[in-house]
Amino acid sequence: MSQDLPPVAPAVTAGLVAALSPRLRKRLDAGIAKLAHRPAVRDGDTVRIAVDDSTDIELHAPGGAVTKADDIRCGCLLAPDCLHRAAAASAAPIAEPAAPSADSGASEPSSQEPSSAAVPQAATPEQRSAARALQDAARAVLEAGTDGSGAVLQAELLRAAHTARLAALPRAAASAVSTVTALRAARSADPAYRLTDLVAALRDVLSLAHRIPRAQGAELAVLRGTVRQPYRPDGSLRLYGLFCEPVLTASGYAGAVTWTADAEGRLYQVSDVAPGGSGRAVGAADRAVRVGETALTHRELSRAGLAVSGATVSPAGRLGAGAGVRAVRASGAGWREAPLDRLWAVPAAEQVGRALSGGHGLLFLELTLAGVVREATGDCLLADCGGVVLRLAAAHDHPALPHRDNLRLLAAARGSRLRVVARLTPGPCPRAQLLATEHPTDPGSRVDVGLDRLQHADLPVAPAAPPTAPAVPTPDEAPIHLLRRRVQQAASGGRRVLSFPGNGSADARRLRRHGLATAGDILDELHAAAAERSRDAFGRLLPADPDRFARAWLAAAHYTDEVDRALCAAAWNG
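The sections below set out a description of the structure shown in this document. (Residues numbered from 1 in each chain as written. Predicted model: local features only at pLDDT ≥ 70, side-chain atom pairs only at ≥ 80, totals over all residues. Heavy atoms only, no water.)

## So, the sheet that holds strand β1 (residues 40–43)
Phase 1: Strand order in the open sheet formed by four strands is β1-β2-β3-β4, and the pairing between neighbours is antiparallel. Single-partner strands in this sheet number two, and they are β1 and β4 (72–74). Geometrically, the sheet is characterised by an average inter-axis angle of 20° between neighbouring strands, direction not taken into account.
Phase 2: In the sheet, β1 pairs with strand β2 (residues 46–50) via four bridges, with the strands oriented antiparallel. Across the sheet, the residue bridging to Arg42 is Val47, located in β2. (Pairing = 2+ DSSP bridges. Helix = DSSP H or I, 4+ residues; strand = E, 2+ residues; numbered from the N terminus. Axes fitted to C-alpha atoms, helices over the stretch in contact; angles between N-to-C directions.)

## Notes on the sheet that holds strand β9 (residues 267–275)
Phase 1: Strand order in the open sheet formed by five strands is β9-β8-β7-β10-β11, with antiparallel pairing between adjacent strands. A single partner strand is all that each edge strand has here, and the edge strands are β9 and β11 (326–330). Along the sheet, successive strands turn relative to each other by an average axial angle of 35°, direction set aside.
Phase 2: Note: strand β7 (residues 232–248) against strand β10 (residues 305–313), seven bridges, orientation antiparallel. Note that in β10 the partner of Arg238 across the bridge is Ala307.

## Quick word on the environment of Asp4
Phase 1: As for its placement among the helices and strands, Asp4 is situated in the segment before α1 (10–18).
Phase 2: Note on Asp4: relative accessible area 42%, which makes it partly exposed.
Phase 3: As for Asp4 and Arg139, which are separated by 135 residues in sequence, their C-alpha atoms are 31 Å apart.
Phase 4: The contacts of Asp4, once residues within four sequence positions are left out, are Ala40, Arg42 and Val47. (Buried < 20%, exposed > 50% of the residue type's maximum accessible area, 1.4 Å probe, protein only. Contact = heavy atoms within 4.5 Å.)

## Some details on empty space enclosed by the protein
Phase 1: Inspection of every chain in the model, using the stated rule, returns one cavity of 30 Å³ or more.
Phase 2: Its volume calculated, the largest cavity comes out at about 60 Å³.
Phase 3: As for the largest cavity, its lining consists of Gln135, Arg139, Leu206, His210, Asp547, Ala550, Arg551 and Leu554.
Phase 4: Residue assignment for the lining of the largest cavity shows that the elements contributing at least two residues are α5 (125–148), α8 (195–211) and α18 (546–572).
Phase 5: Examining the composition of the lining of the largest cavity, we find that four residues originate from one element, α18, more than from any other. (1 Å grid on protein atoms, 1.4 Å probe; cavity = no way out; pocket = protein on both sides within 12 Å on 5 of 7 lines; lining within 4 Å. Points joined across faces, edges and corners; volume = space filled by probe spheres on them.)

## Looking at the pairing of strand β13 (residues 378–385)
Phase 1: With six of eight residues buried, β13 lies mostly within the body of the structure.
Phase 2: Between strand β12 (residues 362–375) and β13, which pair antiparallel one after the other, the connecting turn spans two residues.
Phase 3: Between β13 and strand β14 (residues 388–394), which pair antiparallel one after the other, the connecting turn spans two residues, and Gly386 there sits at a positive phi close to 60°.

## What about the nonpolar core?
Phase 1: Membership of the largest hydrophobic core comes to 58 residues, with the highest contact counts inside it found for Leu134, Leu142, Leu202, Ile212, Leu483, Phe549 and Trp553.
Phase 2: The element best represented in this core is α18, accounting for nine residues.
Phase 3: Once you skip the residues sitting within four places of it in the chain, Ile212 turns out to touch Ala123, Gln127, Ala131, Leu169, Ala172, Leu220 and Leu223.
Phase 4: Core analysis: the next-biggest nonpolar cluster, separate from the first, contains 31 residues, Ala9, Ile57, Ala86 and Ala151 among them. (Core = buried A, V, L, I, M, F, W, Y, C linked by side-chain atoms within 4.5 Å.)

## Quick look at the packing of α5 against helix α7 (residues 170–187)
Phase 1: Where α5 contacts α7, the axes come no closer than 11 Å and their chain directions differ by 15°. Between α5 and α7, the angle is such that the two are roughly parallel. The two elements α5 and α7 meet at a crossing, and its hand is left-handed. Here Leu134, Val141, Thr146, Asp147 and Gly148 of α5 come into contact with α7, specifically with Ala172, Ala176, Leu183, Ala186 and Arg187.
Phase 2: Class assignment for the residues of the contact of α5 with α7 results in six nonpolar, two polar and two charged. (Parallel < 35°, antiparallel > 145°, perpendicular 65-115°, else oblique. Left-handed = near helix turned anticlockwise from the far one by under 90°. Nonpolar A, V, L, I, M, F, W, Y, C, P; charged D, E, K, R; others polar.)

## Quick word on the pattern of salt bridges
Phase 1: Tallied over the full model, the rule gives 35 salt bridges.
Phase 2: For the salt bridge of Asp262 with Arg266, the shortest nitrogen-to-oxygen distance reads 2.9 Å.
Phase 3: Across the pair Arg336 and Glu366 runs a salt bridge, and its minimum N-O distance is 3.3 Å. With Arg336 in the loop between β11 and α12 (341–345) and Glu366 in strand β12, this residue pair connects regions lying 30 residues apart in the sequence.
Phase 4: Under the relative-accessibility criterion, Arg336 is labelled partly exposed at 43%.
Phase 5: By relative accessible area, Glu366 is classed as partly exposed at 24%.
Phase 6: Salt bridges linked by common partners bring Asp286, Arg299, Arg303, Asp448 and Asp452 together as one network. (Salt bridge = Lys/Arg side-chain N within 4 Å of Asp/Glu carboxyl O.)

## Regarding the packing of aromatic side chains
Phase 1: With the rule as written, the count across this model stands at three aromatic pairs.
Phase 2: Here Phe243 and Trp259 contribute two aromatic rings whose centre-to-centre distance is 6.3 Å and whose plane-to-plane angle is 10°, an arrangement assigned as stacked. Remark: Trp259 occurs in strand β8 (residues 253–261) and Phe243 occurs in strand β7; sequence separation between them is 16 residues. Here Phe243 matches Trp259 in class, with each residue buried.
Phase 3: With a centroid separation of 4.9 Å and 35° between ring planes, the pair formed by Trp335 and Trp344 is classed as tilted. (Phe/Tyr/Trp six-rings, centres within 6.5 Å; stacked < 30°, edge-to-face > 60°.)

## Quick word on the side chain of Arg495
Phase 1: For Arg495, the position within the fold is in the loop between α15 (481–493) and α16 (505–513).
Phase 2: Of the polar contacts made by the side chain of Arg495, one reaches the backbone oxygen of Ala529; its length is 2.7 Å.
Phase 3: Contact partners of Arg495, with chain neighbours within four places excluded, come to Leu142, Glu143, Ala529, Ala530, Glu532, Ala544, Asp545, Pro546 and Phe549. (Polar contact = N/O pair within 3.5 Å; in protein donor to acceptor, adjacent residues only side chain to side chain.)

Right, here's the structure in full:
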């Protein structure tokens with residue numbers, strides 16, 4: 001249902017939910033569930049939902065998104081402060097902040113880079129107040145977990161995100177919106193949902209809210225972030241297509257990104273991402289790229305080349321498409337031909353170190369397929385990558401995209417030596433998401449794993465017998481997973497899942513036996529904070545202290561993240 005609705009600005013959703021009476025707030029989640037089963041009909045910029053035979057809801061999105069509360073209209077007797085308007089806004093994807101189009105060559109959205117303007121000396125009163133609001137809303141989400149974080153708690157976090165954006169804290173606002181997006185994906189059983197995404201978003205918003213009031217100077221500038229990154233002139237470029245990947249987000253955006261490289265190995269992206277669902281993700285690869293007047297589609301560009309003059313490029317490598325940009329089709333290059341082959345010449349450990357230091361995260365690897373291993377989230381390909389046992393997972397689980405089906409077929413090509421492009425997944429075991437691969441039986445051609453569907457006829461008829469499959473390390477060999485599991489359980493189930501006395505003592509002792517004494521202490525504090533409840537003079541339980549639990553959980557989340565990064569670097573170094 002959410003994919004059929006236009007994105008709605010966070011402030012609109014927060015305002016509509018706040019206007020509900022306490023009685024209607026209790027019914028909001030049920031109202032959202034009811035709307036999910038009603039068809040949505042699009043007529044130009046308006047989407048209409050028939051609540052029943054006599055009541056319709058209309059969402060008007062003239063610019064592609066609903067930006068005013070008045071743009072959501074309902075025909076029921078309780079309107080405008082009715083349940084239907086709040087439910088429709090809460091069911092819709094969250095609109096990203098308005099930013100200039102790449103066509104202008106001016107800027108693009110961002111939430112990570114510090115501003116180039118004058119560095120503030122300290123947080124303003126408005127920023128400190130916004131940080132406190134974010135902290136309170138995020139603590140409430142952590143206290144309740146995904147099951148308890150319904151539309152009302154989500155709206156409070158969206159309200160805090162809007163306040164943060166008005167206070168010039170775009171990075172924190174973006175983290176809060178990402179948290180709500182992950183919560184909605186979890187509660188709707190979205191196949192693209194990953195618990196790690198929720199943990200990362202919640203950790204970021206709590207961390208930023210904690211640090212901003214105390215930060216000064218350059219540190220505060222980094223924590224604030226910026227809404228836009230400038231596109232800078234980059235002269236003439238000669239680019240070679242690498243691969244194309246579909247984009248399908250839980251926030252209601254879809255499209256395609258084509259990755260290219262220049263002769264020096266620098267990476268550039270051409271993107272076409274807009275509000276939409278799986279249909280747009282599948283079809284965007286066959287749309288013309290938005291650079292100059294070239295008629296190349298994304299799929300064609302991924303195997304051809306591009307000569308660009310008057311290029312504008314963002315710091316992340318995204319190509320602009322302003323009026324002064326000229327582009328014509330040029331010859332491409334194979335992965336084993338110059339200049340692209342230099343990408344695979346970089347040692348894997350060096351590429352991983354670059355990714356862990358904030359790089360693009362892409363890995364260019366040559367490996368031998370060695371079998372398959374079954375995990376709770378689905379099968380992973382095993383591959384021998386220079387003596388490192390690598391797990392290759394699907395980058396997306398949506399059934400409209402062929403990631404998972406292609407992985408299953410590639411498992412039958414055991415023994416094949418292939419070059420691949422993958423995206424690093426930091427963790428104690430070498431792991432990455434497979435994005436593109438050489439064709440297993442057609443040398444010189446390649447497969448975009450999220451777009452091209454392999455067939456049984458594409459597999460080797462009688463592959464040579466491979467060597468003995470490498471031993472697969474299990475997560476139990478890295479006991480930090482004992483702490484990580486508690487971090488994830490809290491984000492999913494809330495404080496109550498960790499509040500039972502004594503249920504973490506054995507894990508803490510095991511961590512200490514493996515030399516992870518700090519991890520054991522953090523785990524003990526996490527359980528103690530979850531279980532802490534005071535009583536008043538009459539013996540009645542007082543409300544739990546959300547501050548101590550949030551601080552303990554944040555410490556555990558940061559610790560596991562840093563240890564995972566260290567273990568990841570060590571694993572790839574053999």
